[in-house]
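As a plain string of letters, each chain reads:
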Amino acid sequence: MSDLLSIKDLYVSVAETEILHGVNLEVGPGETHVIMGPNGAGKSTLGYAIMGNPNYSVSRGSISFKGEDITDEETADRAKAGIFLSFQNPIEVPGISLSNFIRNAVDTKTGTRARLWDFRKNLEKQMELLNMDKSYADRDLNVGFSGGEKKKAEILQMLMMKPDLAILDETDSGLDVDAVRTVSDGVKAYHESGDGALIIITHSTRILEALKVDYTHILVDGKIVETGDASLVDEINANGFERFVES
């Protein structure tokens, strides 16, 4: 299977401080990859680098998506190409409703203007899946939302945009058991709807319970020190990261 995402020898710096030191990662269509590691290992940096956040500078290496080198591409162009990143701490955006924000994002990605009736019908269907009050669609994006509703709004965007690659950065952090279950259902629905690939950056494994994990990567001090299957998640749950940090 050809790679959807190919990262080779990636070095990334933030404000002249090097965070990633030679990361290599290959993700195929439909695969689920989990990135785990201790605090400060560079997990979120990897997600931001893939998405093209301008605060994260690639000093060496390359990122390719669908066979095209996107190392120097703008964030907006990567989003149009089919990459989605859910934020660990979604920001509030006064003045634009959740519905309008998603509709504009979908239209930009597809290059066509969706019929309002069809868009609203699909939006309400996905909100029902996420147990979201439909009134949130007409509220300003994330303004006054609880932490759980902000995370649901991120997953809602993913379900509506149908990206080829979704990167979920600590999506389950700060959520209670019921909210994690709901968000997990949304992630599962995305995964089962087509060939979309997932990179899940997480400390917890609750969001993984309903998913088939293909690969687990342990990131320590800016390097992937081990790659395995889903059983590696179980080892981390039982023993933590001690042996990886010591090695």
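Residues numbered from 1 in each chain as written. Predicted model: local features only at pLDDT ≥ 70, side-chain atom pairs only at ≥ 80, totals over all residues. Heavy atoms only, no water.

### Observations concerning the packing of aromatic side chains
By the definition in use, this model includes 3 aromatic pairs. Ring centres 5.1 Å apart and planes at 20 degrees place the aromatic pair Y48 and Y56 in the stacked group. An aromatic cluster is present here, built from Y48, Y56 and F87 joined pairwise through their rings. Over the ring of Y136 we find R139; its NZ or CZ atom is 4.5 Å from the centre of that ring. (Phe/Tyr/Trp six-rings, centres within 6.5 Å; stacked < 30°, edge-to-face > 60°. Lys NZ or Arg CZ within 6 Å of the ring centre and 35° of its normal.)

### Regarding the sheet that holds strand β6 (residues 83-86)
Here 6 strands make up an open sheet; going across it, the order is β6-β9-β10-β3-β11-β12 and the pairing mixed. Both edges of this open sheet fall to β6 and β12 (223-228), since each of them pairs with a single strand only. Taken pair by pair, the neighbouring strands of this sheet meet at an average axis angle of 20 degrees, ignoring direction. In the sheet, β6 pairs with strand β9 (residues 165-169) via 4 bridges, with the strands oriented parallel. The residue of β9 that forms the bridge with L85 is I167. Contacts from helix α1 (residues 43-51) reach β3 (32-36), β6, β9, β10 (197-201) and β11 (215-220) within the one sheet, and its direction differs from that of β6 by about 145 degrees. (Pairing = 2+ DSSP bridges. Helix = DSSP H or I, 4+ residues; strand = E, 2+ residues; numbered from the N terminus. Axes fitted to C-alpha atoms, helices over the stretch in contact; angles between N-to-C directions. Contact = heavy atoms within 4.5 Å.)

### Focus: the environment of V233
Within the secondary structure, V233 is located in helix α7 (residues 231-239). Along the backbone, V233 and T205 are 28 residues apart, and their C-alpha atoms lie at a distance of 7.5 Å.

### Things to note about helix α5 (residues 147-161)
Taking 1.5 Å per residue, 15 residues should reach 21 Å; α5 reaches 22 Å between its end C-alpha atoms and fits that length. The buried fraction of α5 is high, at 14 of 15 residues. K162 lies just past α5 and shows a positive phi near 50 degrees. (Expected span 1.5 Å × (residues − 1). Buried < 20%, exposed > 50% of the residue type's maximum accessible area, 1.4 Å probe, protein only.)

### Some details on the sheet that holds strand β4 (residues 57-65)
Ordered in space as β2-β1-β4-β5, the 4 strands form an open sheet in which the pairing is antiparallel. Lying at the two open borders of the sheet, with one neighbouring strand each, are β2 (17-27) and β5 (68-69). As paired elements, strand β1 (residues 5-14) and β4 share 7 bridges and run antiparallel to each other. Counterpart to Y11 in the pairing with β4 is R60. Along the sheet face, α1 touches β1, β2 and β4 and points at about 110 degrees away from the line of β1.

### What about the layout of surface pockets?
In this structure, the largest pocket occupies an estimated 580 Å³ of space. Along the wall of the largest pocket there are 25 residues; nearest its centre are A79, L85, F87, F101 and Q157. Counting only elements with at least two residues in the lining of the largest pocket, the list comes to α1, α2 (75-81), β6, α3 (98-110) and α5. Ranked by residues supplied to the lining of the largest pocket, first place goes to α3 with 5 residues. Here the lining of the largest pocket is composed, by residue class, of 16 nonpolar, 6 polar and 3 charged. (1 Å grid on protein atoms, 1.4 Å probe; cavity = no way out; pocket = protein on both sides within 12 Å on 5 of 7 lines; lining within 4 Å. Points joined across faces, edges and corners; volume = space filled by probe spheres on them. Nonpolar A, V, L, I, M, F, W, Y, C, P; charged D, E, K, R; others polar.)

### Re the pairing of β4
As judged from the 2 bridges shared by β4 and β5, these two strands associate in the antiparallel manner. The partner of F65 across the bridge, within β5, is E68. The loop that links β4 with its antiparallel partner β5 comprises 2 residues; one of these, K66, has a positive phi angle of about 55 degrees.

Read these as spatial facts, not as claims about activity.
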